[in-house]
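# Structural overview
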Amino acid sequence: MQQKMMPAVAALALGAGLAQASPEDDRQAVAALDTEFQAAVKHHDAATIDRIQHPDMVLVLGDGRVVTKADHLQAAREKKIRYEIQDEEPGTQTVRVLGDTAVVTALLRLKGTSEGQPFDRRVWFSDTYVRTPGGWKYFFGQASLKLPDEAAPKP
């Protein structure tokens, strides 16, 4: 009986190996996913935020505040923050992949209003993604404090 199962097990193992994406494919997939996430925040797209974020996701802001997935979803639904710009600065995104973990780092430009008060800032962020059975999920993020204007690259 064991000999009959061996070809099936070998075929499954070979198929699983072929289904694995290359590190470059993973890098491109996570880069696109993080860009999609930034657009979802900008447009208050709660469904996309929910799909991309891991259930246990947290974001630590430069001032020490912690934002959870539930907080992100509530902010998207309430729309108290209105974004004119909420985009990664072109050419600043870097994605590093090691196994089932990927880290995205980029310079983010944010401009808009929060409860009627204007803001315009740039921050560096790092978003950590983990591979799950459901695909890559945004698991942990950290953002800097507002960068001084002279430290931001000029367009």
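Residues numbered from 1 in each chain as written. Predicted model: local features only at pLDDT ≥ 70, side-chain atom pairs only at ≥ 80, totals over all residues. Heavy atoms only, no water.

### A look at the pairing of strand β7 (residues 135-143)
Keep this limit in mind: Strands are treated as partners if at least two bridges between them are detected by DSSP. Working definition: helices are DSSP H or I runs of at least four residues, strands are E runs of at least two. Numbering for both runs from the N terminus.
Note: strand β1 (residues 53-60) against β7, 4 bridges, orientation parallel. In the strand pairing of β7, Val 58 is matched with Phe 140. Of the strand pairs in this sheet, strand β6 (residues 117-132) and β7 are connected by 8 bridges, and their pairing is antiparallel. Note on β7: the bridge partner recorded for Val 130 is Lys 137. Hairpin remark: β6 followed by β7, antiparallel, with 2 residues in the connecting loop.

### Observations concerning the environment of Pro 90
How we decide: Exposure is judged per residue with a 1.4 Å probe applied to protein chains only, and the accessible area is read against the type maximum: over 50% gives exposed, under 20% gives buried, and values in between give partly exposed.
Position of Pro 90 relative to the elements: it lies in the loop between β3 (81-88) and β4 (94-98). According to the relative accessible area criterion, Pro 90 is exposed, its value standing at 74%.

### A few points about the pattern of salt bridges
The following threshold applies: For salt bridges, the criterion is a side-chain nitrogen of Lys or Arg within 4 Å of an Asp or Glu carboxyl oxygen.
One pass over the full model with this rule turns up 12 salt bridges. Between Glu 24 and Arg 27 there is a salt bridge, with the nearest N and O atoms lying 2.9 Å from each other. In this pair, Glu 24 and Arg 27 are both assigned in helix α2 (residues 23-42), 3 residues apart and thus about one turn of the helix distant. Residue Arg 27 is classed as partly exposed on the basis of its relative accessible area of 29%.

### Structural notes on the nonpolar core
As a reminder of what qualifies: The nonpolar core is taken to be a set of buried Ala, Val, Leu, Ile, Met, Phe, Trp, Tyr and Cys residues, with the residues joined through side-chain atoms within 4.5 Å. Any two residues having at least one pair of non-hydrogen atoms within 4.5 Å are treated as being in contact.
Ranked by size, the top nonpolar core spans 28 residues in total, and within it Val 30, Phe 37, Ile 49, Tyr 129 and Tyr 138 carry the most contacts. Mapped onto this core, the elements with two or more residues apiece are α2, α3 (46-52), β1, α4 (69-78), β5 (101-114), β6 and β7. Other than its neighbours up to four places away in sequence, Phe 37 contacts Ile 49, Ile 52, Gln 53, His 72, Tyr 129 and Tyr 138.

### Topic: the packing of aromatic side chains
Aromatic ring pairs: the centre-centre distance and the angle between the two ring planes describe each pair. Going by this rule: Two aromatic rings, drawn from Phe, Tyr or Trp (for Trp, its six-membered ring), form a pair once their centres lie within 6.5 Å of each other, and the interplanar angle then sorts them: stacked below 30 degrees, edge-to-face above 60, tilted otherwise.
Under the criterion given, the structure shown has 3 aromatic pairs. Ring centres of Phe 37 and Tyr 138 lie 4.9 Å apart, and the angle between their planes is 75 degrees; this geometry places the pair in the edge-to-face category. A residue pair is termed long-range when its members are at least 10 positions apart, and Phe 37 in helix α2 and Tyr 138 in strand β7 qualify at 101 residues. For the pair Phe 37 and Tyr 138, a shared accessibility class is recorded, and that class is buried.

### Considerations on the pairing of β6
When β5 meets β6, the two strands line up antiparallel, connected through 14 bridges. Bridge pairing in β6 links Leu 107 to Trp 124. In this antiparallel pair of consecutive strands, β5 and β6, the connection spans 2 residues, and Glu 115 shows a positive phi of 50 degrees.

### Looking at α4
Just so we agree on the cut-off: As used here, the arc belongs to the directions running from the helix axis to the C-beta atoms.
Residues of α4 that are buried include every one of Lys 69, His 72, Leu 73 and Ala 76, and no others. An end-on view of α4 places all buried positions within 95 degrees of arc, on one side of the element. The first or second residue beyond α4 is Lys 79, which carries a positive phi of 55 degrees.

### A short note on α2
An α-helix turns once per 3.6 residues; consequently, residues spaced three or four apart project the same way. Counted only if it meets this: Expected helix span is given by 1.5 Å per residue-to-residue step, counting one fewer step than there are residues.
Look at α2: 29 Å from first C-alpha to last across 20 residues, which is about the 28 Å you get at 1.5 Å a residue. Buried within α2 are the following residues: Asp 26, Val 30, Ala 31, Leu 33, Asp 34, Phe 37, Gln 38, Ala 40, Val 41 and Lys 42. Downstream of α2 by one or two residues, His 44 has phi in the positive range, about 55 degrees.

### A few points about the side chain of Thr 132
The line we're drawing: A 3.5 Å cut-off defines polar contacts: any pair of N or O atoms within that distance qualifies, except that in protein one atom must be a possible hydrogen donor and the other a possible acceptor, and neighbouring residues in sequence count only when both atoms are side-chain atoms.
Within the secondary structure, Thr 132 is located in strand β6. Here Gly 135 takes part through its backbone oxygen, which lies 2.6 Å from a polar atom of the side chain of Thr 132.

### Remarks on the confidence of the model for the protein
Heads up, the condition is: As a per-residue measure, pLDDT reflects the predictor's confidence and takes values from 0 up to 100.
Taken over all residues, the pLDDT of the protein has a mean of 88, while the share at 70 or more is 84%. Low pLDDT (under 50) marks residues 4-18, which in the prediction has 0 contacts with non-local residues, meaning those over four places away or in another chain.

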